[in-house]
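In case you want the letters, here they are:
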Amino acid sequence: MAAVDTSLLPSRPTGAAASLAAAHAAEHPLKLYGGWFCPFVQRAWIVLVEKGIGHQYVEINPYHKAPEFLALNPRGLVPTLAVPPTEGRKETKPLYESSVVCEYLDEAYPEQGPRLLPVGDVYERARCRLWMDHVASRVVPGFYRLMQHTPEKAEGIDEVRRGFHEQLKAFVREMDEGGPWFLGDRFSLVDIMLAPWAKRLFLIDHYKPGGVGIPRKGERGGDEEVWARWDNWFDAIVDRQSVKDTWSDEGQYIEAYKRYAEDTTQSEVGKATRQGTSLP
């Protein structure tokens, strides 16, 4: 769950994401409230696209949050999903936390689009959740520690980068060998959990000395096979249509994430990373 960073100038999606938002601007009982720059929002948006679920996308202005949005989620956090009434429930209800929103959409619309978690194999479904949690609790925090590293910090950037690599490699070692996805030829929520940050790795290359620093082919030592499998997954995920459809112009992200690179962002994720606490 991520707060809208109020240090950002009000903006709208651009590029492919602008087209997607415009196509889903009309009134609809199922609403996704989001911010174009937020990777947690992109998770939920990817699920909506993958499953072809009708919805209304509502961009949140960080300076002027609509009353109906704050009535759903007084903390003003995105993504927030407005879930329409059902036969047993007469009121619209909110859901937030991106992983919760994603699993809800997969379960609430089982006949629409592909199922994004295994249905018949209880163990495999649990294993997927285990590695979804690894992404949330290990890989994503590692991304922000690297993105927000500044020279005056006690821990050197090379050490932070090595820690990030170790969490990535642990994830990759659990992937099906055939690929390209975590489950092999089946795209799933495990892939979606990491997709937004995979797309944002270029920001580390842009802002940080040494960049992401994944070794080049032939220079990977004993990790050659692991990084080759990562390359297979990475190339597939950044080329996934749902990931591209929910992506704004890259220049917009460079501007938005400048505050992270300088470690001055006032988002809850940024503050938690700075304080060394768990992400919200």
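Scroll up to find the structure.
These lines cover the structure that appears in this document, whether it is placed above or below. Only a predicted model underlies this, so the values are computations on that prediction, with no experimental measurement involved.

The rules we used
- Residues numbered from 1 in each chain as written.
- Predicted model: local features only at pLDDT ≥ 70, side-chain atom pairs only at ≥ 80, totals over all residues.
- Heavy atoms only, no water.
- Helix = DSSP H or I, 4+ residues; strand = E, 2+ residues; numbered from the N terminus.
- Buried < 20%, exposed > 50% of the residue type's maximum accessible area, 1.4 Å probe, protein only.
- Axes fitted to C-alpha atoms, helices over the stretch in contact; angles between N-to-C directions.
- Parallel < 35°, antiparallel > 145°, perpendicular 65-115°, else oblique.
- Contact = heavy atoms within 4.5 Å.
- Nonpolar A, V, L, I, M, F, W, Y, C, P; charged D, E, K, R; others polar.
- Salt bridge = Lys/Arg side-chain N within 4 Å of Asp/Glu carboxyl O.
- Pairing = 2+ DSSP bridges.
- Right-handed = clockwise from strand over helix to strand, strands pointing away.
- Phe/Tyr/Trp six-rings, centres within 6.5 Å; stacked < 30°, edge-to-face > 60°.
- Lys NZ or Arg CZ within 6 Å of the ring centre and 35° of its normal.
- Arc of directions from axis to C-beta.

Here we look at the side chain of Thr-14
Line of reasoning, step 1. Mapped onto the fold, Thr-14 is located in the loop between β1 (2–3) and α1 (15–23).
Line of reasoning, step 2. The buried category is assigned to Thr-14, whose relative accessible area is 18%.

Details of the packing of helix α5 (residues 122–147) against helix α7 (residues 189–199)
Geometry of a packed helix pair, given as the angle between the helix axes and the separation of the axes.
Line of reasoning, step 1. Direction vectors running N to C along α5 and α7 enclose 10°, while the axes themselves pass 9 Å from each other. By the criterion of interaxial angle, the relationship of α5 to α7 is roughly parallel. On the side of α5, the interface is formed by Cys-128, Trp-131, Met-132, Val-135, Val-139, Val-140, Phe-143 and Tyr-144, while α7 contributes Leu-189, Val-190, Met-193, Leu-194 and Trp-197.
Line of reasoning, step 2. Here the contact of α5 with α7 is composed, by residue class, of 13 nonpolar, no polar and no charged.

What to know about the pattern of salt bridges
Line of reasoning, step 1. Scanning the model with the defined rule gives 20 salt bridges in all.
Line of reasoning, step 2. Two residues, Glu-174 and Arg-127, come together in a salt bridge whose shortest N-O distance is 3.3 Å. Separated by 47 residues along the polypeptide, Glu-174 in the loop between α6 (157–172) and α7 and Arg-127 in helix α5 bring together distant segments of the chain.
Line of reasoning, step 3. Salt bridges sharing partners connect three or more residues here, namely Glu-166, Lys-169, Arg-173 and Asp-223.

Digging into the pairing of strand β3 (residues 56–59)
Line of reasoning, step 1. Pairing of strand β2 (residues 31–34) with β3, which is carried by four bridges, proceeds in the parallel orientation. From the neighbouring strand, Tyr-33 faces β3, where its bridge partner is Val-58.
Line of reasoning, step 2. Following the backbone out of β2, through helix α2 (residues 39–51) and into the adjacent parallel β3, one traces a crossover that is right-handed.

Notes on the packing of aromatic side chains
Line of reasoning, step 1. In this structure the tally under the stated criterion is 15 aromatic pairs.
Line of reasoning, step 2. Between Trp-181 and Phe-187, the aromatic rings sit 4.9 Å apart at their centres with planes inclined by 75°, giving edge-to-face as the arrangement.
Line of reasoning, step 3. Between Trp-230 and Trp-233, the aromatic rings sit 5.3 Å apart at their centres with planes inclined by 35°, giving tilted as the arrangement. With Trp-230 and Trp-233 both in helix α9 (residues 224–238) and three residues apart, the pair spans about one turn of that helix. Across the pair, Trp-233 and Trp-230 agree in class, each one buried.
Line of reasoning, step 4. By way of ring pairs, the aromatic residues Trp-36, Phe-37, Phe-202, Trp-247 and Tyr-253 are connected into one cluster.
Line of reasoning, step 5. Note that Lys-199 overlies the ring of Trp-247, its terminal NZ or CZ placed 4.7 Å from the centroid.
Line of reasoning, step 6. The cationic tip of Arg-240 hangs over the ring face of Phe-187; the distance from NZ or CZ to the ring centre is 3.9 Å.

Details of the sheet that holds strand β5 (residues 80–83)
Strand pairing within a sheet occurs via backbone hydrogen bonds; the two strands may be parallel or antiparallel.
Line of reasoning, step 1. Sheet architecture is open: four strands sit in the order β3-β2-β5-β6, paired in mixed fashion. Two strands lie at the open edges of the sheet, namely β3 and β6 (93–96), each paired on one side alone. The average angle at which neighbouring strand axes cross in this sheet is 25°, direction not considered.
Line of reasoning, step 2. Sheet analysis places β2 next to β5, joined by three bridges and oriented antiparallel.

Quick word on the packing of α7 against α9
Line of reasoning, step 1. Where α7 contacts α9, the two axes come as close as 10 Å, and the packing angle between them is 85°. Taken together, the axes of α7 and α9 lie roughly perpendicular to each other. Of the residues in α9, those touching α7 at Asp-191, Leu-194, Ala-195, Ala-198 and Lys-199 are Trp-230, Trp-233, Phe-234, Ile-237 and Val-238.
Line of reasoning, step 2. Residues that form the contact of α7 with α9 fall into these classes: eight nonpolar, no polar and two charged.

Looking at helix α13 (residues 268–275)
Line of reasoning, step 1. Here α13 has its buried residues at Val-269, Gly-270, Ala-272 and Thr-273. Axial view of α13: buried residues confined to an arc of 165°, hence all on one face.
Line of reasoning, step 2. Gly-276 sits one or two residues past α13 and shows a positive phi near 75°.

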